[in-house]
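Okay, here's what each chain looks like letter by letter:
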Amino acid sequence: MDQEEQLSNLKERIAKLKPVAQIQKTRNDKLSAFSISIEIVAGVIVGLITGILLDKLFATRPLFLIICLILGMIASAKVLWQKVKNSKDDA
Amino acid sequence: MTHNPLAQFEIKKLVDLSLFGYDVSLTNSACFMIIAAVVSLSYFSLALKSKLLIPSRLQMSAELIYGLVSDMLDQNVGPKGRKFVPLIFSLFLFILICNLLGMLPYSFTVTSHISITFALAILVFFLVTLVGFIKNGLGFFSLFLPKGTPWWLAPLMIIIELFTYLARPVSLSLRLAANMVAGHVLLKVMASFAVSLAIYLKVLPIPLMVILIGFEIFVAILQAYIFTILSCVYLNDAVNLH
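What counts and what doesn't
- Residues numbered from 1 in each chain as written.
- Chains lettered and ligands numbered in written order.
- Predicted model: local features only at pLDDT ≥ 70, side-chain atom pairs only at ≥ 80, totals over all residues.
- Contact = placed C-beta atoms within 7 Å.
- Helix = DSSP H or I, 4+ residues; strand = E, 2+ residues; numbered from the N terminus.
- Nonpolar A, V, L, I, M, F, W, Y, C, P; charged D, E, K, R; others polar.
- Axes fitted to C-alpha atoms, helices over the stretch in contact; angles between N-to-C directions.
- Parallel < 35°, antiparallel > 145°, perpendicular 65-115°, else oblique.
- Left-handed = near helix turned anticlockwise from the far one by under 90°.
- Buried ≥ 20, exposed ≤ 12 C-beta atoms within 10 Å, placed from the backbone.
- pLDDT = per-residue confidence, 0-100.

**Some points on the interface of chain B and chain A**
Logical step 1: At the interface, 14 residues of chain B touch 20 residues of chain A.
Logical step 2: At 11 residues, helix H5 (residues 154-201) of chain B tops the list of elements feeding residues into the side of chain B that touches chain A.
Logical step 3: Residues of the side of chain B that touches chain A, tallied by class, amount to 10 nonpolar, three polar and one charged.

Structural data, given as structure tokens:
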């Protein structure tokens, strides 16, 4: 069997298997309890760090800390809301 | 006989080195990162040494991993994402090998430290920001303003979107590190229970441990996959703006 023949044989077999591969394409973007907690913590950490840095810059402790913490919490809530919406669309 | 479940994450110095007053000692963490790099390099050079038309099993496994990553980029970013295959591929492979090396007895789990996962995540973050600005110019800022926002809400929305954007590397790194730490601590605690449980349950705890270790290997692969797929999703934001 020369290479040309081998290649055409291979192409046929690939074409046969293609529909099977198509089915396996599912998005793996699920909403678990672990990821919910991580998102909440991440938003709060970012708010905390930005708040502390801004307070150091302007010497206005604890004004920016409070504002940025609240904004960080809102941001993490927004991320979660988007995730829930996405998982609802998939189902 | 007390076992501290967190003792396995301790960083120890193997070789003391100092350069220009900085401590650059070879720690067990650095050692395992080097091992991971060597393992992945030698695996691929061995698997792709003889490029056969009909691949051998080893070559097949290497091509499978490559196919997984390139498919991931095709699905999430599209044809413009082909350029990023080398980066995403090496990122996936490094995290995967590090996670799997951590499952070996007496080894060290590199990805259980936030300092390492955060370094990887901040790399992706800066790359995405840079690519966004290079591809879209100042139009990249429109990422921070969702469509259909009323004008009086725009300043608040921009700040909130900026915070969600900044939270990405934090959540990306925390997810990987927390998963690895949680899994290894659970494994250690269960294993120390298994010794005393053997008095009452005889050999029953041992198959349980096998199942747990199997689950932990699954988590190791899944977390590497999630890290890379989220990097792809973030890249998609920068490459195809809206």
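**Structural notes on the packing of helix H1 (residues 28-47) of chain B against helix H2 (residues 57-76) of chain B**
All names here are of chain B.
Logical step 1: One way to put it is that H1 packs onto H2 with a least axis distance of 8 Å and a crossing angle of 125°. Taken together, the axes of H1 and H2 lie oblique to each other. Pair H1 / H2 crosses with left-handed handedness. Contacts between H1 and H2 involve Phe44, Leu46 and Ala47 from the first element and Leu58, Gln59, Ser61 and Ala62 from the second.
Logical step 2: Broken down by class, the residue content of the contact of H1 with H2 amounts to five nonpolar, two polar and no charged.

**Some points on the environment of B:Ser25**
All names here are of chain B.
Logical step 1: Assignment of secondary structure puts serine 25 in the loop between strand E3 (22-23) and strand E4 (26-27).
Logical step 2: Given 15 C-beta atoms within 10 Å, serine 25 falls into the partly exposed group.
Logical step 3: Filtering out sequence-adjacent residues up to four positions away, serine 25 remains in contact with Lys13, Val15, Asp16 and Leu17.

**Section: the confidence of the model for chain A**
All names here are of chain A.
Logical step 1: Looking at chain A, pLDDT values average 82 and 82% of them are 70 or higher.
Logical step 2: Mean pLDDT values for the elements of chain A range from 76 in helix H1 (residues 3-23) up to 91 in helix H2 (residues 33-58).
Logical step 3: For residues 23-28, every residue scores under 50 in pLDDT, and the model assigns this stretch three contacts once sequence neighbours within four places are set aside.

**Things to note about unusual backbone geometry**
For residues other than glycine, phi is negative in most cases, and the peptide bonds are mostly trans.
Logical step 1: Of note, the bond from A:Arg61 into A:Pro62 is cis; its omega dihedral lies within 30 degrees of zero at -5°.
Logical step 2: Positive phi, normally seen in glycine, also occurs at A:Ala59, with a value near 55°.
Logical step 3: You can see A:Ala59 is positioned in the loop between H2 and helix H3 (63-90).
Logical step 4: Even without glycine at this site, B:Tyr106 takes up a positive phi of about 65°.
Logical step 5: Within the fold, B:Tyr106 resides in the loop between helix H3 (85-101) and helix H4 (114-136).

**Some words on the confidence of the model for chain B**
Logical step 1: On average, chain B scores 88 in pLDDT, and the residues at 70 or more come to 99%.
Logical step 2: Across the predicted assembly, pTM comes out at 0.84 and ipTM at 0.76.

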